[in-house]
Amino acid sequence: MDYAGRQRLGAVLCRLHGRLCGQECVGQTGEWGDAFSRRVDGLPVWFVRPSDTERPTWVLYEYGRHLGTLHARPDGDGLWHVQSAAEQCASLDDAVRVLRRPLSWYRERELAACWARGALADPALLLVDVQTAGLGAQAWAVQIAAMDCSGHVLVNELLNPKEPITAAASSLHGITPTRVMHAATFSDLLPDLKGVLQGRRCVAYKACFDRGVLARELLRHHRCPSTARAWLEACRWEDAMRPAAVSKGLWLANRSTYRNQRLGGPYDAAAKCQALLDKLRYLASSG
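The rules behind each value
- Residues numbered from 1 in each chain as written.
- Predicted model: local features only at pLDDT ≥ 70, side-chain atom pairs only at ≥ 80, totals over all residues.
- Heavy atoms only, no water.
- Helix = DSSP H or I, 4+ residues; strand = E, 2+ residues; numbered from the N terminus.
- Buried < 20%, exposed > 50% of the residue type's maximum accessible area, 1.4 Å probe, protein only.
- Axes fitted to C-alpha atoms, helices over the stretch in contact; angles between N-to-C directions.
- Parallel < 35°, antiparallel > 145°, perpendicular 65-115°, else oblique.
- Left-handed = near helix turned anticlockwise from the far one by under 90°.
- Contact = heavy atoms within 4.5 Å.
- Nonpolar A, V, L, I, M, F, W, Y, C, P; charged D, E, K, R; others polar.
- Polar contact = N/O pair within 3.5 Å; in protein donor to acceptor, adjacent residues only side chain to side chain.
- Pairing = 2+ DSSP bridges.
- Arc of directions from axis to C-beta.

What follows concerns unusual backbone geometry. Although it is not a glycine, alanine 86 sits at a positive phi angle of roughly 50°. Along the chain, alanine 86 falls in the loop between β5 (80-82) and β6 (87-89). At arginine 223, a residue that is not glycine, the phi angle is positive and equals roughly 55°. Position of arginine 223 relative to the elements: it lies in the loop between α6 (207-222) and α7 (225-233). On the basis of relative accessible area, arginine 223 is assigned to the exposed category, the value being 72%.

Shown next, in the form of structure tokens:
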């Protein structure tokens, strides 16, 4: 089927939405027919197999607009291959998100790579991660780590939060009340933290969370909002989550933004700093 034919068929599918296949398709590719629809992030996409092949290949349309072509390899590698982008995705929905990328993505990806290269070249760079006593927005710190751009760990301390550690948090990072019973408090560690963090370019993954934990701890210690705020403002905070989402480029059409990506690695503050350093190096090379 040529391009014009695909466009005409796409328009027909838009008019026949919901009647062509009866229901959205689920299951393995071998069970899927020549035409079906599927909702991805709440918006419908139509899949049409070209008439000249029996391979697991489909041309995608969205409200009459041709998105591109996806195929699953007959050898069953478990990946969806996005033809135009020369990329592979583990899930069909992510493959659709790749095809939905706005035209601005190429420029945005280059900007994310430039940001990462600049951060890695900055001798003031510091990767920061905080593990907490709970999973909520008001949890206290139980571990803080900081790493420089060379991968040297400058801080890696367990902390006694002086508050209960929830079972849900312990199941992630393995830090129990027994482990921190005799550990230093945040106040004990504060002089060392000041020497390491202040004046540095502090990059975290979802920086609002890590910075927020430190803000609460500083307020608890100083009991003065202006003093706590001044301490934090002596550090330059930047978030790596947004550049990582842009670089991956999985477009959420219903929210007009890129899907956030997990950092990966174990829930240990020092390990998260290393994972973040690896992420920056990857971003720097991907533009």
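After presenting the structure, the write-up continues.
Next up on the list: the packing of helix α3 (residues 105-121) against helix α9 (residues 269-286). Running from N to C, α3 and α9 cross one another at 130°; their axes reach a closest spacing of 7 Å. By the angle between their directions, the pair α3 and α9 is classed as oblique. Regarding α3 and α9, the two cross each other, and that crossing is left-handed. Facing α3, whose interface residues are Arg109, Ala113, Trp115, Ala116, Arg117 and Leu120, α9 presents Leu277, Leu280, Arg281, Leu283, Ala284 and Ser286. Among the residues forming the contact of α3 with α9, the class breakdown is eight nonpolar, one polar and three charged.

The next point concerns the side chain of threonine 53. Relative to the helices and strands, threonine 53 is located in the loop between β2 (43-48) and β3 (57-62). What makes threonine 53 buried here is its relative accessible area of 17%. At 2.9 Å, the side chain of threonine 53 forms a polar contact with the backbone nitrogen of arginine 55.

Read from one edge of the open sheet, six strands run β1-β2-β3-β4-β5-β6, paired in antiparallel fashion. In the strand order of this sheet, the two ends are held by β1 (35-40) and β6, each with one partner. Strand-to-strand twist in this sheet, taken as the mean axis angle between neighbours without regard to direction, amounts to 35°. Across the face of the sheet, helix α2 (residues 92-99) comes into contact with β1, β2, β3, β4 (65-72), β5 and β6 while running at roughly 140° to β4.

Once that is clear, we can look at the sheet that holds strand β11 (residues 236-239). One open sheet accounts for five strands, arranged β9-β8-β7-β10-β11; its pairing is mixed. Only two strands of the sheet have a single neighbouring strand rather than two, namely β9 (153-158) and β11. Each neighbouring strand pair of the sheet contributes to a mean axis angle of 25°, computed without reference to strand direction. Direction of pairing for strand β10 (residues 201-204) relative to β11: parallel, over a ladder of four bridges. Each bridged residue has a counterpart across the sheet, and for alanine 204 the counterpart in β11 is aspartate 239.

Turning next to α7. By the burial criterion, the buried members of α7 are Ala228, Trp231 and Leu232. All buried residues of α7 fall inside an arc of 95° around its axis, so they share one side. Looking at the packing, one finds that the buried side of α7 touches α5 (186-197), α6 and β11.

For the rest of this paragraph, the subject is the pairing of β4. Among the eight residues in β4, six count as buried, and that is most of the element. Where β3 meets β4, six bridges bridge the pair, whose relative direction is antiparallel. Bridge pairing in β4 places tyrosine 61 opposite histidine 66. Two successive antiparallel strands, β3 and β4, enclose a turn made up of two residues, where tyrosine 63 displays a positive phi of approximately 50°. Relative to β5, β4 runs antiparallel, the two being bridged by three bridges. By the bridge assignment, histidine 71 is partnered in β5 with histidine 81.

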